[in-house]
Amino acid sequence: MRVRPSLRPRPAAGTVGTMTDVRTLIDPLGLWPRTTRLAGRAEHAALGTGERLLLAVVDRAVASGLPRQVVDRLLDDGLAEHIAERVLTDPGFEQRAAALLESPQTGHLLERVLDSEASERLVAQVLESRLVDVTVARVLASDELWTMVDEIARSPAVTEAITSQGAGFADQVADEVGARSRNADAWLERVAHRMLGRPLAAEAPPGTGLA
Amino acid sequence: MSVAARLRARRVPGAAATVAPPAAARTATAPVGYVGLVTRAVAFALDAAIINLVALLTAAVVVLALSVIPISDALRTVTIAIGGTSYVLWVVGYFVVFWSTTGQTPGNRLLRIRVTAADGGRLRPRRSLLRFVALTFAAIPLFAGFLLILVDGRRRGLHDVVARTVVVDAPGGRHG
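Residues numbered from 1 in each chain as written. Chains lettered and ligands numbered in written order. Predicted model: local features only at pLDDT ≥ 70, side-chain atom pairs only at ≥ 80, totals over all residues. Heavy atoms only, no water.

(A) How the structure looks around the overall build of chain B. Assigned secondary structure in chain B consists of nine helices and three strands. Along chain B, helices (α) and strands (β) appear in the sequence α-α-α-β-α-α-α-β-α-α-α-β when read from the amino end. Burial statistics for chain B: of 176 residues in total, 32% are counted as buried. Considering only intrachain contacts with a sequence separation of at least 6, the fraction spanning at least 24 residues in chain B is 71%. About 10,500 Å² of surface is accessible on chain B, with carbon and sulfur atoms providing 73% of the total. (Helix = DSSP H or I, 4+ residues; strand = E, 2+ residues; numbered from the N terminus. Buried < 20%, exposed > 50% of the residue type's maximum accessible area, 1.4 Å probe, protein only. Contact = heavy atoms within 4.5 Å. Areas by Shrake-Rupley, 256 points an atom, 1.4 Å probe, with all protein chains shown as cover.)

Dropping the structure here:
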């Protein structure tokens with residue numbers, strides 16, 4: 001609630017006079033406000049100078065190749081490998097990773113990313129880019145690809161699968177032809193017996209009997 | 001029983017009979033399907049196709065080879081006679097060898113049928129040869145010898161009666 005200035009309680013005339021007297025007694029020359037402003041300016045200037053100084057130091061450090069040396073040193077010491085090994089051998093790491101992957105939030109996030117128009121545009125741009133065409137052309141032109149295809153085609157598993165497929169088809173055709181020809185056997189015999197006026201000896205299934 | 005003893009026992013002819021029952025005993029108890037005329041005709045047609053395909057390819061190669069070699073008429077006649085004889089031997093040998101060994105020609109194997117002796121045993125080469133001769137005679141009077149298959153109780157044709165054979169189903173005959 002805002003209070004109108006006219007309604008604010010005013011100090012009594014005696015109180016104002018007492019405060020003025022105390023201020024005059026402490027700072028008879030009126031230097032306190034100026035000193036405060038001066039201190040603020042000095043602080044601002046010091047911060048600006050410190051910032052510039054820090055940036056200059058960082059620039060010098062980057063230019064001197066120090067970070068690269070630090071990174072090389074860390075890699076040479078095997079520290080990064082050690083950290084990675086510690087993380088990967090941590091028994092809880094796999095569990096946490098699995099929990100993260102299986103969490104519904106991850107699924108929802110992935111769904112949202114995949115369903116978004118931005119990702120669709122990105123994929124379309126990638127597919128339509130010249131880079132993909134060039135990459136595909138290079139892969140198709142590479143000898144390694146066709147060597148790999150030859151190796152796969154010659155692999156025992158593939159040849160066995162093709163052979164079994166062919167044998168399975170031949171079996172299927174033979175079974176079908178055999179079944180139809182046996183039905184034809186039975187039909188022809190029924191016709192022959194009818195023409196001769198002799199009934200069939202037994203109503204056994206076609207093609208069966210006892211030796 | 002040691003391994004060596006088992007191997008020796010396996011080499012003894014009588015020992016095999018103790019593992020598997022004799023063919024006659026086996027067929028006396030197991031139901032056997034006799035195969036009819038159409039199935040046998042299809043199998044025979046497949047065999048005829050194989051025989052003639054091989055013969056044609058061979059003849060083509062021989063004729064092409066002889067076409068670049070100048071030979072006299074007399075020698076040509078002799079070559080034709082040799083070719084004809086080879087063809088007859090090839091046809092006879094094809095059936096006799098397959099019937100005597102596995103009991104199945106390739107056509108029979110495809111249709112899963114087998115030629116056996118009437119007692120279920122394997123045919124001997126002489127009986128296979130007799131069956132082939134009888135087959136030829138059965139075909140001469142407008143295939144009348146095969147019509148017997150339609151009315152015989154065991155679906156035997158003239159050649160089966162003469163050679164005392166039967167044609168039976170061979171389930172899984174592709175592997176046996």
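Now, onward.
(B) The overall build of chain A, seen in detail. Along its length, chain A carries ten helices and one strand. N-terminal to C-terminal, the α/β element order of chain A is α-α-α-α-α-α-α-α-α-α-β. Expressed as a percentage of its 211 residues, the buried residues of chain A come to 8%. A total of about 18,700 Å² of accessible surface is found on chain A, and carbon and sulfur atoms cover 64% of it.

(C) Region of the structure containing the packing of helix α5 (residues 73-101) of chain B against helix α7 (residues 125-139) of chain B. Residues and elements named next belong to chain B. Here α5 crosses α7 at 130 degrees, and the two axes come no closer than 9 Å. As summarised for this structure, α5 and α7 are arranged oblique, according to the angle between their axes. α7 is crossed by α5, and the crossing has right-handed handedness. Across the interface between the two elements, V91, V92, F95, V96, W99 and S100 of α5 pack against P125, S128, L129, R131, F132 and L135 of α7. Its residues assigned to classes, the contact of α5 with α7 comprises nine nonpolar, two polar and one charged. (Axes fitted to C-alpha atoms, helices over the stretch in contact; angles between N-to-C directions. Parallel < 35°, antiparallel > 145°, perpendicular 65-115°, else oblique. Left-handed = near helix turned anticlockwise from the far one by under 90°. Nonpolar A, V, L, I, M, F, W, Y, C, P; charged D, E, K, R; others polar.)

(D) Spotlight on the packing of helix α10 (residues 156-196) of chain A against helix α8 (residues 144-151) of chain B. Look at α10(A) against α8(B): their axes get within 8 Å of each other, and the N-to-C directions meet at 90 degrees. It follows that α10(A) is roughly perpendicular to α8(B) by the angle criterion. For the pair formed by α10(A) and α8(B), the contact residues are L188(A), E189(A), A192(A), H193(A) and L196(A) on the first element and I149(B), L150(B) and V151(B) on the second. Grouping the amino acids of the contact of α10(A) with α8(B) by side-chain chemistry returns six nonpolar, one polar and one charged.

(E) Summary view of the confidence of the model for chain B. All names here are of chain B. Model confidence for chain B is summarised by a mean pLDDT of 83, while 80% of its residues fall at 70 or above. No element of chain B has a lower mean pLDDT than helix α2 (residues 13-19), which averages 35, and none a higher one than helix α9 (residues 158-163), which averages 96. Across the interface, the model reports ipTM at 0.72; the global pTM reads 0.51. (pLDDT = per-residue confidence, 0-100.)

(F) Region of interest: the packing of aromatic side chains. Applying the stated criterion to the full structure yields seven aromatic pairs over all chains. Of the aromatic side chains, those joined through ring pairs into one cluster are F44(B), W90(B), Y94(B), F95(B), F98(B), W99(B) and F132(B). (Phe/Tyr/Trp six-rings, centres within 6.5 Å; stacked < 30°, edge-to-face > 60°.)

(G) Examining the pattern of salt bridges more closely. Counted according to the given criterion, the structure contains ten salt bridges over all chains. For R155(B), the salt bridge goes to E189(A), with nearest N and O atoms at 2.6 Å. With one member in each of two chains, R155(B) in the loop between α8 and α9 and E189(A) in helix α10 form a pair that bridges those chains. E189(A) shares its class with R155(B); the two are buried. One continuous salt-bridge network, built from bridges that share partners, spans D171(A), D175(A) and R112(B). (Salt bridge = Lys/Arg side-chain N within 4 Å of Asp/Glu carboxyl O.)

(H) Highlighting a nonpolar patch on the surface. All names here are of chain A. Where nonpolar side chains cluster on the molecular surface, the patch consists of L66, V70, L74, L79, I83, V87, L88 and F93 and spans about 670 Å² of accessible area. Secondary-structure elements contributing two or more residues to the nonpolar patch are α3 (66-76) and α4 (79-89). Residue contributions to the nonpolar patch peak at four residues, all from α4. Examined against the element boundaries, L79 turns out to sit in helix α4. (Patch = residues over 30% accessible without salt bridge, like charges linked within 9 Å, V, L, I, M, F, W, Y side chains within 5 Å.)

(I) Fine view of the pairing of strand β2 (residues 113-117) of chain B. Residues and elements named next belong to chain B. Burial analysis of β2 places four of its five residues in the buried class, which makes it a mostly covered element. Note: β2 against strand β3 (residues 165-169), five bridges, orientation antiparallel. Looking at β3, one finds that I113 is bridged to D169. (Pairing = 2+ DSSP bridges.)

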